[in-house]
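These are the residues of each chain, in order.
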Amino acid sequence: MTLHFAQDASSFAVAPSRLDAYVASRSFDQPTLVMDLDRVSAQYRALKAGLGRADIHYAVKANPARQIIARLVDLGSHFDAASKAEIAQCLAEGASPADVSFGNTIKRASDIAWAWDQGITLFAADAEEELEKIAANAPGASVYIRLIVEVSHADWPLTRKFGCDKDMALRLLDYAKALGLRPVGMSFHVGSQTRQAAMWAPTLDAMAHIWQAALDAGHMLDLLNIGGGFPAFYGEEIDAPTAYAAQVMQMVEARFPNVANIMAEPGRGMVAEAGVIVAEVMLTSRKSDRDMHRWVFLDIGRFSGLAETEGEAIRYQFETARDADPMGPCILAGPSCDSADVLYEKRPVSLPLSLKAGDRVLIRNTGAYTSTYSSVCFNGFPPLDVVVI
Ligand SMILES: *Cc1c(COP(=O)(O)O)cnc(C)c1O
């Protein structure tokens, strides 16, 4: 069966029919994320069509499934990896070391040495100590400096923890050179799930100002890394991928004339819409006869894959076989014995009033940041080891 996607049709809640056919024909005895590889390919092509000359470095943490990495290698994607395990995964699936960047600004020294040994030559940094680690363990490597993003219109901002300010960035470029590294450029991240391309403007304006200051200071920068932020459809309107990416690139080219190399790091925007989670209702209840609130408990929750419901920031789309029945609001919660395991309460979810235990619930567009958060190894960092003595 071949699926044909209109290049730019994914901003609507069109159910990818290959997924639906697969899901409908099977039963599942635990919450299961089903990914459609052809949908990933379609999304890669749609993003690439808009990004043009920019290289796509897929942000592996969004979904590191072996088959997804292998497919993206076939399509010519490059990769943004954050840890030794993520780099190893990319190389194992056939990625060339030249196409894998070590984009985490917080790296273990021994992992830098290991990566350098594997042939990885491009590293991110936002602090002096990080540059010192890179210089000591990957002497002569290329580095880009990550800038802090002050204003984010994203639904899942990545501000504060990552990046440095302009003055420090300029100092770090000098310092990198003094350490014998090759400071090649700068990076930023507008924040994940930035729904409209126009929302990039303030960040790009600020970055262009810093970029120019670096050029004025004599730095020969030839790499601009525009990070991720490309959105997925979660119910609120988003720009379609090709148009979105093209508009971002247009804004980039206008503000950064003649940059030799541009790279983009879509994660969510690449894989979210290619996945659906098959879940099940465990219980529906009210807390008293007078309780206005109906509770619906699923077999998946905040600690088993739906971590991005934190703060109700990402609002997933739910679908059941009873959606033609009368609908009503409910508080939606996960199954674990932790009272923080409530998915949506401030803004209740509308689900069929006839819903009952055992019913299947599809959670749409959940291909990004779900399996990794439920795994014991998010972002390739090993889980807490347990030793009993
Ligand atoms: C997580 C991450 C991305 C991917 O972000 P999305 O919003 O999912 O596209 C890209 N770059 C870096 C450095 C990241 O940490």
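Predicted model only: the values in this text are computed from it and were never measured. (Residues numbered from 1 in each chain as written. Predicted model: local features only at pLDDT ≥ 70, side-chain atom pairs only at ≥ 80, totals over all residues. Heavy atoms only, no water.)

## Let's talk about the overall build of the chain
Counting secondary structure elements, the chain contains 11 helices and 15 strands. A globule of 389 residues ought to have a C-alpha radius of gyration of about 21 Å, and the chain, at 22 Å, matches this closely. With respect to the principal axes defined by its C-alpha atoms, the chain has extents near 70 × 60 × 45 Å. Expressed as a percentage of the 389 residues in the chain, the buried residues total 52%. For the chain, restricting intrachain contacts to residue pairs at least 6 apart in sequence, the fraction spanning at least 24 positions comes to 70%. (Helix = DSSP H or I, 4+ residues; strand = E, 2+ residues; numbered from the N terminus. Rg over C-alpha atoms; globule rule 2.2 N^0.38 Å. Buried < 20%, exposed > 50% of the residue type's maximum accessible area, 1.4 Å probe, protein only. Contact = heavy atoms within 4.5 Å.)

## A short note on unusual backbone geometry
With a phi angle near 60°, Gln193 is a residue other than glycine that sits in the positive phi range. With respect to the helices and strands, Gln193 occurs in the loop between strand 7 (182-187) and helix 8 (201-216). The class for Gln193 is buried, based on a relative accessible area of 2%. If you check the backbone angles, Asn365 has positive phi at about 55° while not being a glycine. In this fold, Asn365 is placed in the loop between strand 15 (360-364) and helix 11 (371-374).

## So, the site of the ligand
Taken together, the neighbourhood of the ligand is formed by 13 residues, with Lys61, Ser192, Glu265, Arg268 and Tyr369 sitting nearest. Interatomic distance of 2.6 Å between a side-chain N/O atom of Glu265 and a nitrogen atom of the ligand. Burial of the ligand by the protein chains amounts to 92% of its free accessible area of 390 Å². More than half of the atoms of the ligand fall within 2 Å of the grid points belonging to the largest pocket. Its residues assigned to classes, the shell around the ligand comprises 3 nonpolar, 5 polar and 5 charged. (Near = heavy atom within 4 Å. Polar contact = N/O pair within 3.5 Å; in protein donor to acceptor, adjacent residues only side chain to side chain. Areas by Shrake-Rupley, 256 points an atom, 1.4 Å probe, with all protein chains shown as cover. 1 Å grid on protein atoms, 1.4 Å probe; cavity = no way out; pocket = protein on both sides within 12 Å on 5 of 7 lines; lining within 4 Å. Sits in = over half its atoms within 2 Å of the grid points. Nonpolar A, V, L, I, M, F, W, Y, C, P; charged D, E, K, R; others polar.)

## Re the domain arrangement of the chain
Domain annotation of the chain identifies domain 1 (9-34 + 272-388) and domain 2 (103-266). Averaged C-alpha coordinates put domain 1 and domain 2 at centres separated by 33 Å. Taken together, the contact pairs 18 residues of domain 1 with 13 residues of domain 2. Here domain 1 and domain 2 share an interface that buries about 1,200 Å² over both sides, 60% of which is from carbon and sulfur atoms. One can count 3 residue pairs in polar contact (both at pLDDT 80 or more) joining domain 1 with domain 2. Split into classes, the residues belonging to the side of domain 1 that touches domain 2 amount to 10 nonpolar, 4 polar and 4 charged. (Domains from an automatic or database assignment. Buried area = accessible area lost by both parts, 1.4 Å probe.)

## Some words on the layout of surface pockets
When its volume is computed, the largest pocket comes out at roughly 610 Å³. Along the wall of the largest pocket there are 34 residues; nearest its centre are Lys61, Arg146, Leu158, Phe162 and Asn379. Here the lining of the largest pocket is built from residues that sort into 14 nonpolar, 12 polar and 8 charged. Approximately 310 Å³ is the volume found for the second largest pocket. Surrounding the second largest pocket, 22 residues form its lining, Tyr234, Arg315, Tyr316, Gln317 and Arg347 being those nearest its centre. Contributions of two or more residues to the lining of the second largest pocket are made by strand 12 (317-320) and strand 14 (342-352). Ranked by residue count, the leading element in the lining of the second largest pocket is strand 14, at 6 residues. In terms of residue class, the lining of the second largest pocket is made up of 11 nonpolar, 4 polar and 7 charged. Residue assignment places the lining of the second largest pocket across two domains, with domain 1 (9-34 + 272-388) and domain 2 (103-266) each supplying three or more. (Points joined across faces, edges and corners; volume = space filled by probe spheres on them.)

## So, the environment of Glu237
By secondary structure assignment, the location of Glu237 is in the loop between strand 8 (223-225) and helix 9 (241-255). Given a relative accessible area of 63%, Glu237 falls into the exposed group. Separated by 42 residues in sequence, Glu237 and Arg195 have C-alpha atoms that sit 7.4 Å apart.

## A look at the sheet that holds strand 5 (residues 122-125)
Strands sit in the order 2-3-4-5-6-7-8-9 around a closed barrel of 8 strands; the barrel is parallel. Along the sheet, successive strands turn relative to each other by an average axial angle of 30°, direction set aside. Where strand 7 lies against strand 8, 3 bridges are found, and the strand directions are parallel. For Ser187, the partnering residue across the bridge sits in strand 8 and is Asn225. Packing of helix 2 (residues 37-51) onto the sheet brings it into contact with strand 2 (55-59) and strand 9 (261-264), and relative to strand 2 it is tilted by some 140°. (Pairing = 2+ DSSP bridges. Axes fitted to C-alpha atoms, helices over the stretch in contact; angles between N-to-C directions.)

## A closer look at the packing of helix 2 against helix 9
One way to put it is that helix 2 packs onto helix 9 with a least axis distance of 7 Å and a crossing angle of 30°. Taken together, the axis directions place helix 2 and helix 9 in an arrangement best described as roughly parallel. The handedness of the crossing between helix 2 and helix 9 is right-handed. Contacts between helix 2 and helix 9 pair Gln43, Ala46, Leu47, Ala49, Gly50 and Leu51 from the former with Pro241, Thr242, Ala245, Ala246 and Met249 from the latter. (Parallel < 35°, antiparallel > 145°, perpendicular 65-115°, else oblique. Left-handed = near helix turned anticlockwise from the far one by under 90°.)

## Digging into the packing of aromatic side chains
The geometry of an aromatic ring pair is captured by two quantities: the separation of the ring centres and the angle between the planes. A complete count under the given rule lists 10 aromatic pairs for this structure. Ring geometry for Tyr234 and Tyr316: centres 5.6 Å apart, planes at 85°, overall edge-to-face. One end of the pair, Tyr234, is in the loop between strand 8 and helix 9; the other, Tyr316, is in the loop between strand 11 (295-298) and strand 12, and 82 residues separate them in sequence. Each member of the pair, Tyr234 as well as Tyr316, carries the same accessibility label: buried. One aromatic cluster is present, formed by Phe188, Trp200, Phe230 and Tyr244 through successive ring pairs. Over the face of the ring belonging to Phe102 we find Lys107, whose NZ or CZ atom lies 5.6 Å from the ring centre. Lying over the aromatic face of Trp295, Lys287 brings its terminal NZ or CZ to 4.8 Å of the ring centre. (Phe/Tyr/Trp six-rings, centres within 6.5 Å; stacked < 30°, edge-to-face > 60°. Lys NZ or Arg CZ within 6 Å of the ring centre and 35° of its normal.)

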